[in-house]
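So you can see what is in the structure, the chains are spelled out below.
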Amino acid sequence: MEVNGQCHCGQISFAAMVDPSRVSICHCSDCQALTGSPFRVTVLTARDNIRLSSAALKMYVKVGDSGGKRRQYFCPECGTPMFTSGDDETSEWGIRWGCIRQRADLKPMRQIWRRSAVSWLGEVDQLPSRATD
Ligand SMILES: [Zn+2]
Ligand SMILES: [Zn+2]
């Protein structure tokens, strides 16, 4: 499916072709630190399927427990996490779910690093809630 999106401030925008069955959740502690949230949602696609605006992304290289390197791309202005790739930037990329405009149609199909998932993950539904702030 064709999707598009942008960072929070709008400096970086993109369009992409993605397969909705390739949306996943990662509960790893790196994703928790890098997002400030209990887990991160990402959709994988070939680098060639992503068309970026001309503005330059900023990159941070994360070294995982396994020693493997992953590139983390974000907006240099507002810091929105936008993409990830392996050490070779021509490889497959992940698009961070939160900056995709059609994200309501992209439901996670699998999860990884479940061992570091927060224990209260299944309890959120029962918390007192309000429709807005
Ligand atoms: Zn931005
Ligand atoms: Zn992760």
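Preceding block: the structure.
Computed from a predicted model, the values in this text were never measured in an experiment. (Residues numbered from 1 in each chain as written. Chains lettered and ligands numbered in written order. Predicted model: local features only at pLDDT ≥ 70, side-chain atom pairs only at ≥ 80, totals over all residues.)

Caption draft 1: Fine view of the overall build of the chain. Secondary structure assignment for the chain yields one helix and ten strands. Secondary structure elements of the chain occur, N-terminal to C-terminal, as β-β-β-α-β-β-β-β-β-β-β. Relative to the compact-globule value of 14 Å for 133 residues, the chain shows a C-alpha radius of gyration of 15 Å, a close match. Overall, the C-alpha framework of the chain stretches about 45 × 35 × 30 Å when taken along its three principal axes. Within the chain, buried positions represent 23% of all 133 residues. The contacts in the chain between residues at least 6 apart in sequence include a share of 59% that link residues at least 24 apart. (Helix = DSSP H or I, 4+ residues; strand = E, 2+ residues; numbered from the N terminus. Rg over C-alpha atoms; globule rule 2.2 N^0.38 Å. Buried ≥ 20, exposed ≤ 12 C-beta atoms within 10 Å, placed from the backbone. Contact = placed C-beta atoms within 7 Å.)

Caption draft 2: Structural view of the sheet that holds strand 8 (residues 81–85). Read from one edge of the open sheet, seven strands run 6-7-8-9-4-3-10, paired in mixed fashion. Of all strands in the sheet, those with a lone pairing partner are strand 6 (58–63) and strand 10 (110–112), marking the two edges. In this sheet, adjacent strand axes meet at a mean angle of 30° when their direction is disregarded. Across four bridges, strand 3 (residues 23–26) lies against strand 4 (residues 40–45) in antiparallel orientation. Looking at strand 4, one finds that Val23 is bridged to Val43. (Pairing = 2+ DSSP bridges. Axes fitted to C-alpha atoms, helices over the stretch in contact; angles between N-to-C directions.)

Caption draft 3: Summary view of the pairing of strand 6. Little of strand 6 is tucked away: zero of the six residues are buried. Taken together, the six bridges between strand 6 and strand 7 (residues 69–74) define a ladder with antiparallel strand orientation. Among the inter-strand pairings, Lys58 is bridged to a residue of strand 7, identified as Phe74. Turn length for the strand 6-strand 7 hairpin, with the two strands adjacent in sequence and antiparallel, is five residues, and the turn residue Gly67 shows positive phi of about 90°.

Caption draft 4: Fine view of the sheet that holds strand 5 (residues 50–52). In spatial order, the strands read 1-2-5; together these three strands make up an open sheet with antiparallel pairing. At either end of the open sheet lies a strand with only one pairing partner, and these are strand 1 (2–6) and strand 5. On average, each strand axis in the sheet is inclined to that of its neighbour by 15°, with strand direction left out of account. By the bridge criterion, three bridges tie strand 2 (residues 13–17) to strand 5 in an arrangement that is antiparallel. Within strand 5, the position partnered with Phe14 by the bridge is Leu52.

Caption draft 5: Up close: the environment of Ala55. Relative to the helices and strands, Ala55 resides in the loop between strand 5 and strand 6. With 13 C-beta atoms counted inside 10 Å, the residue Ala55 sits in the partly exposed group. Each C-alpha atom of the pair Ala55 and Pro76 lies 9.5 Å from the other, and the pair is 21 residues apart in sequence. Residues within four places of Ala55 in sequence aside, it is in contact with Gln11 and Ile12.

Caption draft 6: Inspection of unusual backbone geometry at higher detail. In this structure, Trp113 is a non-glycine residue whose phi angle is positive, near 55°. In this structure, Trp113 sits in the segment after strand 10.

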